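# Examining the three-dimensional arrangement
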Amino acid sequence: MRSCVRIAPMIGSRPGELPAEDARALAAHLETCAACRALAARFEATDGLVAEALLARANARDFAPFVDQVMARVGHRSPRAAARTDRRSLLDALRERWRIAVPALAAAVVLAAVGTFMYGGEHVVAEPEQRLASLEVELSGEGSIVLQTSDGPVVLLAPDDDTGS
Amino acid sequence: MRRRIAFACVCLVGIVSAPALARAEVPVHIRIIKGSKNGPAKMDDSLLVLKKQLSPLAYVQWTQETDEKRTMSKGKIEFFKLPNGDDVSLQLRDEQPDKVTFEVVLLARKTHNKLTVERGQRIVHQVSGEKDGSAFFLTVIVWPDAR
């Protein structure tokens, strides 16, 4: 009986779980004790049932909301929740910091306009070297045509009649 | 005492008038060039500085006939003989710190043209009618150091 009390906790242990000396003692006791042998047989028969049942119960449950809640607590969100939260947080941030946001937005618009005017308007504003110089012309005599270029004027004579010069 | 005063006045007049006298002498760079509509498009290397003014014209071949540097004073007339035998006169009519006025006269065509340009600008003036697809031009620029 005292042996059964000492051996009983060892019954149901998995292979390799017990030290060698205890494993030999367990084997030797099971050979002589029918009650402990029956107990070992019941353990063997029910081995894994609890784990399988627990696993089945776990699979039957939807853990997605649980996961979302846990991730929300640690700062990670699902994409759908993140999008909703981002929009709300941006609007909330703007509402809270409108005194800073409005001038910043206005300054950004002004800078963009100035930059566009200065660097995007070069197709409209002529380069200094392409500016036509001031020119005063007094033409008399036979007709002349004046072309003005950035380097200076070009004066052309009216076409001759048949005589030429 | 009077002599000293007179001498001082003369010096003063000389000092005041010296800049004016210096401005009256104006160095100019004058060329006679020929433009032709015939032949392949070509331009003498010495005329490349005129490309911006000559490229809009119908002439495709440009050659330099004469190249002179003269000093002109206000009112002075310079005469140039063209290869076709015609004469063209150039007169400095006015000279200011930032602009100058030239008058180009073509006697054969009874043409008097007066042009006032800014400092560094060049005048390109046709000085002959077109014959066989070619014509002569006179170019004049003041302060030749610019170009």
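Right above here is the structure, for reference.
As a starting point, this report considers the structure included with it. (Residues numbered from 1 in each chain as written. Chains lettered and ligands numbered in written order. Predicted model: local features only at pLDDT ≥ 70, side-chain atom pairs only at ≥ 80, totals over all residues.)

### Section: the overall build of chain B
When its secondary structure is counted, chain B shows 2 helices and 9 strands. By the burial criterion, 29% of the 147 residues in chain B qualify as buried. For chain B, restricting intrachain contacts to residue pairs at least 6 apart in sequence, the fraction spanning at least 24 positions comes to 46%. (Helix = DSSP H or I, 4+ residues; strand = E, 2+ residues; numbered from the N terminus. Buried ≥ 20, exposed ≤ 12 C-beta atoms within 10 Å, placed from the backbone. Contact = placed C-beta atoms within 7 Å.)

### Some remarks on the nonpolar core
V88, F102, V104, V127, F137 and L138 of chain B are the most contacted members of the largest nonpolar core, which totals 31 residues. Counting residues per element, the ones that place at least two in this core are β3 (152–157) of chain A together with β1 (25–36), β3 (61–73), β5 (87–95), β6 (99–106), β7 (111–118), β8 (122–126) and β9 (134–142) of chain B. With 7 residues, β9 of chain B is the largest single contributor of residues to this core. The contact partners of V104 of chain B, leaving out residues within four places of it in the chain, are V88, L90, N113, H125 and L138 of chain B. (Core = buried A, V, L, I, M, F, W, Y, C linked by C-beta atoms within 7 Å.)

### Looking at the interface of chain A and chain B
Taken residue by residue, the interface counts 25 residues in chain A and 27 residues in chain B. Taken together, the elements giving at least two residues each to the side of chain A that touches chain B come down to β1 (135–140), β2 (144–149) and β3 of chain A. Taken together, the residues of the side of chain A that touches chain B break down into 11 nonpolar, 9 polar and 5 charged. Sheet topology places β1 of chain A next to β7 of chain B; 6 bridges connect them, and they run antiparallel. (Nonpolar A, V, L, I, M, F, W, Y, C, P; charged D, E, K, R; others polar. Pairing = 2+ DSSP bridges.)

### Some thoughts on the pairing of β1 of chain B
All names here are of chain B. As defined by bridge partners, β1 adjoins β3 across 12 bridges and the pair is classed as antiparallel. Its bridge partner lying in β3, I33 is registered against Q64. Strand direction decides the pairing type here: β1 and β9, joined by 9 bridges, are antiparallel. Bridge assignment links V28 to a residue of β9, and that residue is V142.

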